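Listed here are the chains, written in short residue letters.
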Amino acid sequence: MSYSLVVFDWDGTLMDSTHTIVAAIQASCRDLELPEPSVSEASWVIGLSLESALLRAVPKLTPALLPRFLERYRVHYLLRDPEIKLFDGTLELLEALSARGVKLAVATGKSRVGLNRVLAATGLAKRFDATRTADETFSKPHPAMLLQIMEEVDVAPEHVAMVGDTSHDLQMANSAGVHGVGVAYGAHPSDELQACAPQAVVHSMAQLQAWLLART
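From a predicted model like this one, the values you see are computed outputs, not experimental measurements.

**Observations concerning the overall build of the chain**
(1) Moving on: Regarding its fold elements, the chain presents 10 helices and six strands.
(2) Moving on: For the chain, the C-alpha radius of gyration of 17 Å lies close to 17 Å, the compact-globule estimate for 216 residues.
(3) Moving on: Expressed as lengths along the three principal axes of its C-alpha atoms, the size of the chain is roughly 50 × 35 × 30 Å.
(4) Moving on: Taken across its 216 residues, the chain has 54% of its residues classed as buried.
(5) Moving on: Put simply, 65% of the contacts in the chain that link residues at least 6 apart link residues at least 24 apart.
(6) Moving on: Here the chain displays about 9500 Å² of accessible surface, and carbon together with sulfur accounts for 52% of that area.
(7) Moving on: Charged side chains of the chain number 18 positive and 25 negative; the gap between the two group centres comes to 3 Å.

Right, dumping it as structure tokens:
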């Protein structure tokens, strides 16, 4: 196999934001006196669109309370935002793939506003050939993000790798007919990623870079 397009999830894959998302969900629950999900329950929904994630992680969140919850979530997330960093090795991985002529893309559960903000903050806006967010199309694990990205950059599924830290990412890859690569340093544990039958599950950014560079 030889990949000419690598699509990355964002949170928990390129950026070390899993703990921040979980903390923001839990703090918002406390604000509204709703049952607080465990770390594993809150982590599981990362990668879904925000509204879908919250309704799954907080079953007692009603449609009437959702706007207030979203407001509190954004406050708590943005308070922690300055602390969030890219995983060590992310920039080196993207540069190495670009140097080989590999096209790069992002498929994320973030909103367009949220992704644009973080791309600007990290200086990576021009690094990616295509990006899709959950408020522009169907949320993961629906394959629409990947199908649209492949059409935009004109790459066939057999030459595409989707890299993500959740089963949602890998199920999306399977549905789109592309190769999935799981990273076990994010939101979902290794056994849950393995259950999606990816090409590989790696445990560090260094392992991910070695695996991808051997196949590009």
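**A few points about the environment of leucine 48**
(1) Moving on: As for its placement among the helices and strands, leucine 48 is situated in the loop between helix 2 (39-44) and helix 3 (50-57).
(2) Moving on: Classification of leucine 48 as buried rests on a relative accessible area of 13%.
(3) Moving on: When sequence neighbours within four positions are dropped, the list of residues in contact with leucine 48 reads Ala53, Gly109, Ser139, Lys140 and His168.

**Comments concerning the nonpolar core**
(1) Moving on: Phe8, Trp10, Leu97, Phe128, Leu208 and Leu212 are the most contacted members of the largest nonpolar core, which has 55 residues in total.
(2) Moving on: In this structure, leucine 208 is in contact with Phe8, Leu93, Val163, Val181, Val183, Tyr185 and Val202, ignoring residues within four places of it in sequence.
(3) Moving on: Counting residues in each nonpolar core, the second largest holds 18 residues, with Ala105, Ala130, Ile149 and Ala176 among its members.

**Thoughts on the pattern of salt bridges**
If the charged atoms of two oppositely charged side chains come close together, the side chains can form a pair.
(1) Moving on: Applying the stated criterion across every chain yields a total of eight salt bridges.
(2) Moving on: The partner of glutamate 152 in a salt bridge is arginine 132, with the nearest N and O atoms 2.9 Å apart. Here glutamate 152 is found in helix 7 (residues 144-153), whereas its partner arginine 132 is found in strand 3 (residues 130-133), with 20 residues between them in sequence.
(3) Moving on: Taking relative accessible area as the criterion, arginine 132 reaches 16% and is therefore assigned buried.
(4) Moving on: One salt bridge connects aspartate 169 with lysine 140, and the closest N-O pair in it is separated by 2.6 Å.

**Things to note about the layout of surface pockets**
(1) Moving on: By volume, the largest pocket is sized at about 600 Å³.
(2) Moving on: Surrounding the largest pocket, 27 residues form its lining, Leu50, Tyr73, Gly109, Lys110 and Ser111 being those nearest its centre.
(3) Moving on: Looking at the lining of the largest pocket, the elements that each hand over two or more residues are helix 1 (18-31), helix 3, helix 4 (66-80) and helix 6 (112-122).
(4) Moving on: Residue contributions to the lining of the largest pocket peak at five residues, all from helix 4.
(5) Moving on: Residue composition of the lining of the largest pocket, grouped by class: 14 nonpolar, six polar and seven charged.

**Let's talk about the packing of helix 7 against helix 8 (residues 167-176)**
(1) Moving on: The interhelical angle for the contact between helix 7 and helix 8, taken along N-to-C directions, is 55°, at an axis separation of 8 Å. By the angle between their axes, helix 7 is oblique relative to helix 8. Two packed elements cross with a definite hand, and for helix 7 against helix 8 that hand is right-handed. For the pair helix 7 and helix 8, the contacting residues are Met145, Leu146, Leu147 and Met150 in the first and Met172, Ala173 and Ala176 in the second.
(2) Moving on: Class assignment of the residues belonging to the contact of helix 7 with helix 8 gives a composition of seven nonpolar, no polar and no charged.

**A word on a negative patch on the surface**
(1) Moving on: A grouping of Asp16, Asp88, Glu92 and Glu95 is seen on the molecular surface, where their side chains present a negatively charged patch.
(2) Moving on: For aspartate 16, the location among the structural elements is in the loop between strand 1 (5-8) and helix 1.

**With respect to the sheet that holds strand 6 (residues 200-202)**
Think of a sheet as strands paired side by side through backbone hydrogen bonds, with each pair either parallel or antiparallel.
(1) Moving on: The strand order across the open sheet formed by six strands is 3-2-1-4-5-6, and the pairing between neighbours is parallel. Each edge of the open sheet carries a strand with a single partner, namely strand 3 and strand 6. Each neighbouring strand pair of the sheet contributes to a mean axis angle of 20°, computed without reference to strand direction.
(2) Moving on: Sheet analysis places strand 4 (residues 160-164) next to strand 5 (residues 179-183), joined by four bridges and oriented parallel. Of the residues in strand 5, the one forming a bridge with glycine 164 is glycine 182.

The rules behind these values
Residues numbered from 1 in each chain as written. Predicted model: local features only at pLDDT ≥ 70, side-chain atom pairs only at ≥ 80, totals over all residues. Heavy atoms only, no water. Helix = DSSP H or I, 4+ residues; strand = E, 2+ residues; numbered from the N terminus. Rg over C-alpha atoms; globule rule 2.2 N^0.38 Å. Buried < 20%, exposed > 50% of the residue type's maximum accessible area, 1.4 Å probe, protein only. Contact = heavy atoms within 4.5 Å. Areas by Shrake-Rupley, 256 points an atom, 1.4 Å probe, with all protein chains shown as cover. Lys, Arg positive; Asp, Glu negative; His and termini not counted. Charge placed at Lys NZ, Arg CZ, Asp CG, Glu CD. Core = buried A, V, L, I, M, F, W, Y, C linked by side-chain atoms within 4.5 Å. Salt bridge = Lys/Arg side-chain N within 4 Å of Asp/Glu carboxyl O. 1 Å grid on protein atoms, 1.4 Å probe; cavity = no way out; pocket = protein on both sides within 12 Å on 5 of 7 lines; lining within 4 Å. Points joined across faces, edges and corners; volume = space filled by probe spheres on them. Nonpolar A, V, L, I, M, F, W, Y, C, P; charged D, E, K, R; others polar. Axes fitted to C-alpha atoms, helices over the stretch in contact; angles between N-to-C directions. Parallel < 35°, antiparallel > 145°, perpendicular 65-115°, else oblique. Left-handed = near helix turned anticlockwise from the far one by under 90°. Patch = residues over 30% accessible without salt bridge, like charges linked within 9 Å, V, L, I, M, F, W, Y side chains within 5 Å. Pairing = 2+ DSSP bridges.

Any functional reading would require information that these geometric values do not contain.
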